[in-house]
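For reference, the chains in residue letters:
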Amino acid sequence: MRSFAGRDILSLKDFERNEFFHIFDVAAELEPIAVQRRNSDLLKEKTLVTAFYQPSTRTRLAHEAAMHRLGGHVTGFADAKMTRAGDFYQESIKDTVKMLEFYGDVIVMRHFQQGAPHEAAKWASIPIINGGDGWGEHPTQILTDLYTVLKEKGTIDGLKWLAVGDMRMRTMHSLAYALTQFDCPITFVSPPEMSLTEEFKAELRQYSLDFREAEHVEQAIADADVILVEPVVQPDYTKSRDERKGDVGLTPANYKITRELLATKAKSDAILLHSLPRMDEVPTDVDITRWSRYWQEAFNGVVMRMALLALVLGAME
Ligand code: CP
């Protein structure tokens, strides 16, 4: 297996099956630190740089929390408008990361342009972690979700997935790439204008992903062991910031997971994931049903980032 030390985490497309399990093992080893709300000293000599060109609650703060849990330091920006990349100069990715690499030992970047973290990785001499790039990918979120499934179900192989939402979404791309390494049939349900592109589907077929598409969650929920939901009412991820203007509408029933739907149609031991933030696609009364796992998923988001930081910084092999 390739070492993770010094490695960029840009896409799940290039991840091998044994690498997923290795990351899950490291996460499980570090998890007690987060469970006990302790801070250790594993990364006490290291600094994380956060470069966020798009809003985030979870991804940025989970990386920062993970770094604190491991005794490391954090610097960076959460609003590129207050940097030279977001003012008159429109400073390039290259010029920006050629600075940031002197301020820390690993950079986590979120950007509205697909491929921006890859561009950063071309120039930086320290690892780049993709915290979400436009409609591209969101690898650390899907690693979190897979780790959640492994913990909750004891396995990933053999489980049937239902993915609901906007298939242009970066999480959906990372999920599809990841599941090519597991025995996991998946059904995608999305509005036609947000469906998987023909190009992406051709790529998934090349990787032998067992997938199908359906129009309504009711057509697929009864078989699902894992239900992963993203909004269909959501901002434009190619913008640095997309303000809500007026009434944005409600989620059609086809893409909504209600308490009644779960109670009448879902397997009693299925689990429901949502990386959040949400609109109305998972109503809040679902939170206290036995299917919901999104708060566990959020906790695991810190654990997974601990594992990734420890691995790419060479503190764990
Ligand atoms: N799930 C996720 O990426 O959340 P944030 O946009 O808050 O980081």
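Draft legend 1. Examining the site of the ligand more closely. For the ligand, the full set of nearby residues is Ser56, Thr57, Arg58, Thr59, Arg110, His138, Gln141, Ser275 and Leu276. Interatomic distance of 2.8 Å between a side-chain N/O atom of His138 and an oxygen atom of the ligand. Within the backbone of Ser275, a nitrogen or oxygen atom sits 3.2 Å from a nitrogen atom of the ligand. Here the shell around the ligand is built from residues that sort into one nonpolar, six polar and two charged. Counting the residues that make up the shell around the ligand, at least three belong to each of domain 1 (12-138 + 301-312) and domain 2 (139-298).

Draft legend 2. Geometry of the side chain of Thr251. By the secondary structure assignment, Thr251 is in the loop between β8 (226-229) and α8 (259-265). Within polar-contact distance, the side chain of Thr251 engages the side chain of Asp280 at 2.4 Å. Every residue in contact with Thr251, bar those within four places of it in the chain, is listed here: Val232, Val233, Lys256, Asp280 and Glu281.

Draft legend 3. Region of the structure containing the packing of helix α6 (residues 170-179) against helix α7 (residues 198-206). One can describe the packing of α6 onto α7 by two numbers: an axis separation of 10 Å at closest approach and a directional angle of 20°. Relative to α7, α6 is oriented roughly parallel. Helix-helix and strand crossings are classified by hand; for α6 and α7 the assignment is right-handed. On α7, the residues touching His173, Ala176 and Tyr177 of α6 are Phe200, Glu203 and Leu204. Here the contact of α6 with α7 is composed, by residue class, of four nonpolar, one polar and one charged.

Draft legend 4. How the structure looks around the sheet that holds strand β3 (residues 106-111). Reading across from one edge, β2-β1-β3-β4 is the order of the four strands in this open sheet, with parallel pairing throughout. The two strands at the open ends of the sheet, each matched to only one other strand, are β2 (73-77) and β4 (128-133). Here the average twist between neighbouring strands, direction ignored, is 15°. Pairing of strand β1 (residues 47-52) with β2, which is carried by five bridges, proceeds in the parallel orientation. Paired with Leu48 across the bridge in β2 is Val74. On the sheet, helix α2 (residues 58-69) packs against β1, β2, β3 and β4 and is oriented at approximately 175° with respect to β1.

Draft legend 5. Representation of the domain arrangement of the chain. In terms of domains, the chain is made up of domain 1 (12-138 + 301-312) and domain 2 (139-298). Taking only C-alpha atoms, the centre of domain 1 and the centre of domain 2 are 24 Å apart. On the domain 2 side, the residues contacting the 36 residues of domain 1 number 38 residues. Around 3,100 Å² of area is buried between domain 1 and domain 2 when both sides are counted, 60% of it from carbon and sulfur atoms. In this structure, the connection of domain 1 to domain 2 is made through three salt bridges. Its salt-bridge partner being Glu31, residue Lys151 comes within 2.6 Å of it at the nearest N-O pair. Counting every contact that joins domain 1 to domain 2 gives 21 residue pairs in polar contact (both at pLDDT 80 or more). Of all the secondary-structure elements, those providing two or more residues to the side of domain 1 that touches domain 2 are α1 (17-35), α2, β3, β4 and α9 (294-312). With eight residues, α1 is the single largest residue contributor to the side of domain 1 that touches domain 2.

Each value, and the rule that gives it
- Residues numbered from 1 in each chain as written.
- Predicted model: local features only at pLDDT ≥ 70, side-chain atom pairs only at ≥ 80, totals over all residues.
- Heavy atoms only, no water.
- Near = heavy atom within 4 Å.
- Polar contact = N/O pair within 3.5 Å; in protein donor to acceptor, adjacent residues only side chain to side chain.
- Nonpolar A, V, L, I, M, F, W, Y, C, P; charged D, E, K, R; others polar.
- Domains from an automatic or database assignment.
- Helix = DSSP H or I, 4+ residues; strand = E, 2+ residues; numbered from the N terminus.
- Contact = heavy atoms within 4.5 Å.
- Axes fitted to C-alpha atoms, helices over the stretch in contact; angles between N-to-C directions.
- Parallel < 35°, antiparallel > 145°, perpendicular 65-115°, else oblique.
- Left-handed = near helix turned anticlockwise from the far one by under 90°.
- Pairing = 2+ DSSP bridges.
- Buried area = accessible area lost by both parts, 1.4 Å probe.
- Salt bridge = Lys/Arg side-chain N within 4 Å of Asp/Glu carboxyl O.

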